[in-house]
Amino acid sequence: MLDKAALLLDAFYPTGGEFRLSELVARTGLPKTTTFRLAGKLVELGLLEHVQEHYRLGNHLFELGSLVSRRLDLRETALPFLQDLFESTRQTVHFGVRDGFDVVYVERIHGHDSPALPSRIGGRLPLSCTAIGKALLAFCKEAACDLDTRELPRLTPYSITDPAALRTALEQIQVSGLAYEEQEAAVGVSCIAAPVFAGASAVAALSVAVPQQQFRPAHLAPAVRTAALGLSRALRNGMTPGVKPPLSSE
């Protein structure tokens, strides 16, 4: 029964939209009576809401999600650095972690004139199609070893689908400490990212996304690198979330 309930909740992924009972039946493959009974129980528990003829995710799920301690602590520690990065660039800032072969976005700060992006807080995109993902992949031997056995997804005509080409890009990232993505996740948008370390491991990455016509990596790189280094230092020093060390501490 728990498996079926999880399947029903997963039916709302990735958009988190509203669905009729018939749509949930189609998305889960469960019998209509089972879906109706499970949906009703999840509504009672606050995990779903039933509004007129539609079901949507309930507030209790958001409350539970906010208690995921590791990502919550990481986000709170990162937020001041992300805010500084946004203030210095005035462009969309992302912060994400790796989950399998995807990047999961923990935070996103964007301005009024930001381009349309496929990313959202709590959403995920393939590692190989994003600057954040490449930054994480470059410093994860476990995931990088799977490249030859995996079909790389194509989100746009510019996405890298050749494992050899991706490996070359990852080697360059390992040398420079910066990852680039040009229209590989969304046409018209490019990003620059840097990994965030806690010890020897890259636990997250942050990026700046800009319209392609405004993409000037040399101008953005210093701010991205400074934010990543500052956050890595904070994590290494075990600082209280939200408190930054002085930039001159090293």
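Residues numbered from 1 in each chain as written. Predicted model: local features only at pLDDT ≥ 70, side-chain atom pairs only at ≥ 80, totals over all residues. Heavy atoms only, no water.

Peer 1: Tell me about empty space enclosed by the protein, and please be specific about residues and values.
Peer 2: This model, assessed by the stated rule, comprises one cavity of 30 Å³ or more. Taken together, 15 residues line the largest cavity, and the ones lying closest to its centre are His94, Tyr105, Glu181, Ala185 and Cys191. If you list the elements that add at least two residues to the lining of the largest cavity, you get α6 (131-138) and β8 (189-198). When its residues are assigned to classes, the lining of the largest cavity shows ten nonpolar, four polar and one charged. (1 Å grid on protein atoms, 1.4 Å probe; cavity = no way out; pocket = protein on both sides within 12 Å on 5 of 7 lines; lining within 4 Å. Points joined across faces, edges and corners; volume = space filled by probe spheres on them. Helix = DSSP H or I, 4+ residues; strand = E, 2+ residues; numbered from the N terminus. Nonpolar A, V, L, I, M, F, W, Y, C, P; charged D, E, K, R; others polar.)

Peer 1: With reference to specific residues and values, describe the confidence of the model for the protein.
Peer 2: For the protein, per-residue confidence averages 84 on the pLDDT scale, and residues scoring 70 or more make up 88% of the total. Segment residues 240-250 is flagged for pLDDT under 50; beyond a separation of four residues in sequence, or across chains, it makes 21 contacts in the model. (pLDDT = per-residue confidence, 0-100. Contact = heavy atoms within 4.5 Å.)

Peer 1: Run through the side chain of Thr156, naming residues and quoting values.
Peer 2: Mapped onto the elements of the fold, Thr156 is located in the loop between α7 (141-144) and α8 (163-176). Within polar-contact distance, the side chain of Thr156 engages the backbone oxygen of Gln183 at 2.5 Å. Apart from the residues lying within four places of it in its own chain, the contact partners of Thr156 are Gln183, Glu184, Ala185, Ala186 and Val187. (Polar contact = N/O pair within 3.5 Å; in protein donor to acceptor, adjacent residues only side chain to side chain.)

Peer 1: So what's going on with the pattern of salt bridges? Residues and values would help.
Peer 2: Counted under the stated rule, the structure contains nine salt bridges. Glu107 is paired through a salt bridge with Arg75; the nearest N and O atoms lie 2.6 Å apart. Taken together, the positions of Glu107 in strand β5 (residues 102-109) and Arg75 in helix α5 (residues 69-89) put the pair 32 residues apart, joining distant regions of the chain. Across the pair Asp102 and Arg124 runs a salt bridge whose closest N-O atoms are separated by 3.3 Å. On the criterion of sequence distance, the pair formed by Asp102 in strand β5 and Arg124 in strand β6 (residues 124-126) is long-range, its members being 22 residues apart. A relative accessible area of 22% places Asp102 in the partly exposed class. Connected through shared salt-bridge partners, Glu18, Glu49 and Arg56 make up one network. (Salt bridge = Lys/Arg side-chain N within 4 Å of Asp/Glu carboxyl O. Buried < 20%, exposed > 50% of the residue type's maximum accessible area, 1.4 Å probe, protein only.)

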